[in-house]
Amino acid sequence: MNSIDKNIIVISGPSGCGKDTVVKKMLQMDERFILSVSATTRERRPIEKDGVDYIFLTSEDFIQKVSECEFLEYTLYCNNYYGTLKKQIEDKVNAGRVVVLVIEVEGAQNVKKVYPDCLTIFLAPPSLEELERRLRNRNTEDDAKIKQRLFKANEELGFKSSYDYIVENNDVEECAKSIIDIFDSEK
């Protein structure tokens, strides 16, 4: 592994599987890890903070950054752009941190092309029924958007075998500990 590769963990999984919650728990459990904050064009939810949860950009600003090659990866997901800014990753790795990217499957494949030895983990829900329950309990989207996310989840589950590890999220703390243990065993 080169120095950047060994300090990048990519975590993907369907919307609602608990990626953000598990990573937040990882960050609480182990100070080596730091989150890469993704940029997006989607609407900010009331509880979200710009620069903390996401870097919220207009479509025009996002496209401008794409044209200036500022993204490590980016994609269109459920009619919104999402991407990882290269400078964020480089700055954090150069500061000696292990950067955790929470991105969708297409983005993960693109990161793997640039950093082939990064650690990739697919976070899976216990079941599709549980995934739907979690999405509905968030109360952040209407029924049409939830159905769109469930359709996308079925597609994403088909990519899980392309990841280094698959971790099922039945319990947030156990899931976070499993990911930390995997990182340590790979190191």
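The coordinates are above.
Residues numbered from 1 in each chain as written. Predicted model: local features only at pLDDT ≥ 70, side-chain atom pairs only at ≥ 80, totals over all residues. Heavy atoms only, no water.

Caption draft 1: Layout of the nonpolar core. By size, the foremost hydrophobic cluster in this structure holds 25 residues, and its most contacted members are I9, I11, M26, F33, I121 and I179. Contributing elements (two or more residues each) for this core: strand 1 (8-12), helix 1 (19-29), strand 7 (98-102), strand 8 (119-124), helix 5 (128-138), helix 6 (143-157) and helix 7 (172-186). In contact with I9, other than residues within four places in its own chain, are F33, V98, V99, V100, L101, L119, I121 and F183. (Core = buried A, V, L, I, M, F, W, Y, C linked by side-chain atoms within 4.5 Å. Buried < 20%, exposed > 50% of the residue type's maximum accessible area, 1.4 Å probe, protein only. Helix = DSSP H or I, 4+ residues; strand = E, 2+ residues; numbered from the N terminus. Contact = heavy atoms within 4.5 Å.)

Caption draft 2: A look at unusual backbone geometry. One non-glycine residue, C69, adopts positive backbone phi at about 55°. Relative to the helices and strands, C69 resides in the loop between helix 2 (59-67) and strand 5 (71-77). The exposure class assigned to C69 is exposed, which follows from its relative accessible area of 53%.

Caption draft 3: Here's a closer look at the environment of G51. Residue placement: G51 occurs in the loop between strand 3 (39-40) and strand 4 (55-56). Considered as a pair, G51 and V37 are 14 residues apart in the sequence and their alpha carbons are 7.0 Å apart.

Caption draft 4: Local environment of the layout of surface pockets. Put simply, the largest pocket is a space of about 1,100 Å³. Taken together, 40 residues make up the lining of the largest pocket; nearest its centre are D20, R45, E48, Y54 and R138. The set of elements that each furnish at least two residues to the lining of the largest pocket consists of helix 1, strand 2 (33-36), strand 5, strand 6 (80-85), helix 5 and helix 6. Here the element with the most residues in the lining of the largest pocket is helix 1; it accounts for six residues. Its residues placed into classes, the lining of the largest pocket shows 15 nonpolar, twelve polar and 13 charged. (1 Å grid on protein atoms, 1.4 Å probe; cavity = no way out; pocket = protein on both sides within 12 Å on 5 of 7 lines; lining within 4 Å. Points joined across faces, edges and corners; volume = space filled by probe spheres on them. Nonpolar A, V, L, I, M, F, W, Y, C, P; charged D, E, K, R; others polar.)

Caption draft 5: Main features of the side chain of S38. On the secondary structure map, S38 appears in the loop between strand 2 and strand 3. Excluding its chain neighbours within four sequence positions, the residues that come into contact with S38 are Y54, I55, G83, T84, V102 and I103.

Caption draft 6: Broad picture of the side chain of T75. Position of T75 relative to the elements: it lies in strand 5. Look past the residues within four positions of T75 in its chain and what remains in contact with it is N80, Y81, Y82, E104 and E106.

Caption draft 7: Quick look at the packing of helix 1 against helix 7. Between helix 1 and helix 7, the least distance of the axes is 8 Å, while the angle of their chain directions is 65°. Put simply, helix 1 runs roughly perpendicular to helix 7. As for how helix 1 packs across helix 7, the hand of that crossing is right-handed. Contact with helix 1, carried on its side by T21, V22, K25, M26 and M29, involves V172, E173, C175, A176, K177, I179 and I180 of helix 7 and no other residues of that element. (Axes fitted to C-alpha atoms, helices over the stretch in contact; angles between N-to-C directions. Parallel < 35°, antiparallel > 145°, perpendicular 65-115°, else oblique. Left-handed = near helix turned anticlockwise from the far one by under 90°.)

Caption draft 8: View of helix 5. Restricting attention to buried positions, one finds in helix 5 the residues E130, L131, R134 and L135. One side of helix 5 holds all its buried residues, which, seen down the axis, span an arc of 140°. Of the surrounding secondary structure, the elements contacted by the buried residues of helix 5 are helix 6. Looking one or two residues past helix 5, N139 carries a phi angle of roughly 55°, positive in sign. (Arc of directions from axis to C-beta.)

Caption draft 9: Spatial organisation of the sheet that holds strand 2. Taken in spatial order, the five strands of this open sheet run 2-7-1-8-9, and their pairing is parallel. Each having just a single partner strand, strand 2 and strand 9 (165-168) make up the two edges of the open sheet. Ignoring which end each strand starts from, the neighbouring axes of this sheet average 30° apart. Sheet topology places strand 1 next to strand 8; four bridges connect them, and they run parallel. Bridging from a neighbouring strand, I9 pairs with L119 of strand 8. Contacts from helix 3 (residues 86-94) reach strand 1, strand 2 and strand 7, with the element oriented near 170° to strand 2. (Pairing = 2+ DSSP bridges.)

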